[in-house]
Amino acid sequence: MKSHAITVAVKALIEDFQLPIDVEKIAKEKLNIEILKTHFVENLDLSGMLVRNGDQVFMAINSAQSKPRQRFTIAHEIGHYLLDEVKPIWVDKNIRPVHVSFRKGAGGTPSAYQLAEVRANRFAAELLMPADRVAQEFADLDKHGIDWSDDEPIRKLATRFGTSIQAMTIRLLELALLSPAFLD
């Protein structure tokens, strides 16, 4: 799914929501997905999973991870639910905000699984940090002469959107609101 199509799909889900976007409410009330938060004792790297059993769908989220990480995982699993082929189980280890590094498959191209992970991450980023709302919040901060070399403005945005500083920084770079030179 192209970025524009992801943006359109997300807008339909969040039109009535204030910041931070309540991804649990979207999953439960709009999509009828049950959420089970559990501590994955056997595998702490496991972020979450989406399980489909006929008409029943639930996601298990690692409660040992930070709240922003749990929110990203829920958004990521919603992305799998809406965008990807019907699979009985999606298991996600160490979901990285926005990007997934590829290990190329045969022929040097990313596998369908890797592409699905990138798509779910893009969906999660747009769901948690909608481009138009990030741009507006950024502009509101920027008009007050904020020093972007300090991480405090990014921390404020991350708190406002209920995300990690890392996820917000990546999103600001993706939206070209911050220059890559910012990282130097």
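Residues numbered from 1 in each chain as written. Predicted model: local features only at pLDDT ≥ 70, side-chain atom pairs only at ≥ 80, totals over all residues. Heavy atoms only, no water.

**What about the packing of helix H2 (residues 23-30) against helix H3 (residues 67-83)?**
Piece 1. Two elements in contact, H2 and H3, have axes whose closest approach is 9 Å; the angle formed by their N-to-C orientations is 35°. Crossing hand, H2 versus H3: left-handed. Contact with H2, carried on its side by Val23, Glu24, Ile26 and Ala27, involves Arg71, Ile74, Ala75 and Ile78 of H3 and no other residues of that element.
Piece 2. Here the residues of the contact of H2 with H3 are counted per class, giving six nonpolar, no polar and two charged. (Axes fitted to C-alpha atoms, helices over the stretch in contact; angles between N-to-C directions. Helix = DSSP H or I, 4+ residues; strand = E, 2+ residues; numbered from the N terminus. Left-handed = near helix turned anticlockwise from the far one by under 90°. Contact = heavy atoms within 4.5 Å. Nonpolar A, V, L, I, M, F, W, Y, C, P; charged D, E, K, R; others polar.)

**Re the pairing of strand E2 (residues 46-53)**
Piece 1. Most of E2 is tucked away: six of the eight residues are buried.
Piece 2. In this structure, E2 lies alongside strand E3 (residues 56-62), joined through six bridges in antiparallel fashion. Note that in E3 the partner of Asn53 across the bridge is Gln56. (Buried < 20%, exposed > 50% of the residue type's maximum accessible area, 1.4 Å probe, protein only. Pairing = 2+ DSSP bridges.)

**Quick notes on unusual backbone geometry**
Piece 1. The residue after Leu19, namely Pro20, is reached through a cis peptide bond having omega -10°.
Piece 2. Even without glycine at this site, Asn32 takes up a positive phi of about 55°.
Piece 3. When its relative accessible area of 55% is taken as the criterion, Asn32 is described as exposed.
Piece 4. Notably, Ala176 is not glycine yet its phi reads approximately 60°, a positive angle.
Piece 5. By secondary structure assignment, the location of Ala176 is in the segment after helix H7 (165-174).

**A short note on the pattern of salt bridges**
Piece 1. Counted according to the given criterion, the structure contains ten salt bridges.
Piece 2. As a salt-bridge pair, Glu24 and Lys37 come within 2.7 Å of each other at their nearest N and O atoms. Of the two residues, Glu24 is situated in helix H2 and Lys37 in strand E1 (residues 34-38); the sequence distance between them amounts to 13 residues.
Piece 3. Taking relative accessible area as the criterion, Lys37 reaches 34% and is therefore assigned partly exposed.
Piece 4. Note that Arg119 and Asp84 form a salt bridge whose closest N and O atoms lie 2.6 Å from each other. Of the two residues, Arg119 is situated in helix H4 (residues 112-128) and Asp84 in the loop between H3 and strand E4 (89-93); the sequence distance between them amounts to 35 residues.
Piece 5. Residues participating in the shared-partner salt-bridge network are Glu24, Lys28 and Lys37. (Salt bridge = Lys/Arg side-chain N within 4 Å of Asp/Glu carboxyl O.)

**As for the environment of Gly79**
Piece 1. Within the fold, Gly79 resides in helix H3.
Piece 2. With a relative accessible area of 0%, Gly79 lands in the buried category.
Piece 3. Separated by 69 residues in the primary sequence, Gly79 and Val10 place their C-alpha atoms 9.5 Å from one another.
Piece 4. Setting aside anything within four residues of it in sequence, one finds Gly79 in contact with Asp84 and Phe123.

**Let's talk about the packing of helix H6 (residues 152-161) against H7**
Piece 1. H7 packs onto H6 with a crossing angle of 105° between their chain directions and a minimal axis gap of 9 Å. Taken together, H6 and H7 sit at an angle that is classed as roughly perpendicular. Residues Ile154, Arg155, Leu157, Ala158 and Phe161 of H6 form the contact with H7, whose own contacting residues are Ile165, Met168, Thr169 and Leu172.
Piece 2. Of the residues contributing to the contact of H6 with H7, the split by class is seven nonpolar, one polar and one charged. (Parallel < 35°, antiparallel > 145°, perpendicular 65-115°, else oblique.)

In short, the description is geometric, and any link to function would need to be established separately.
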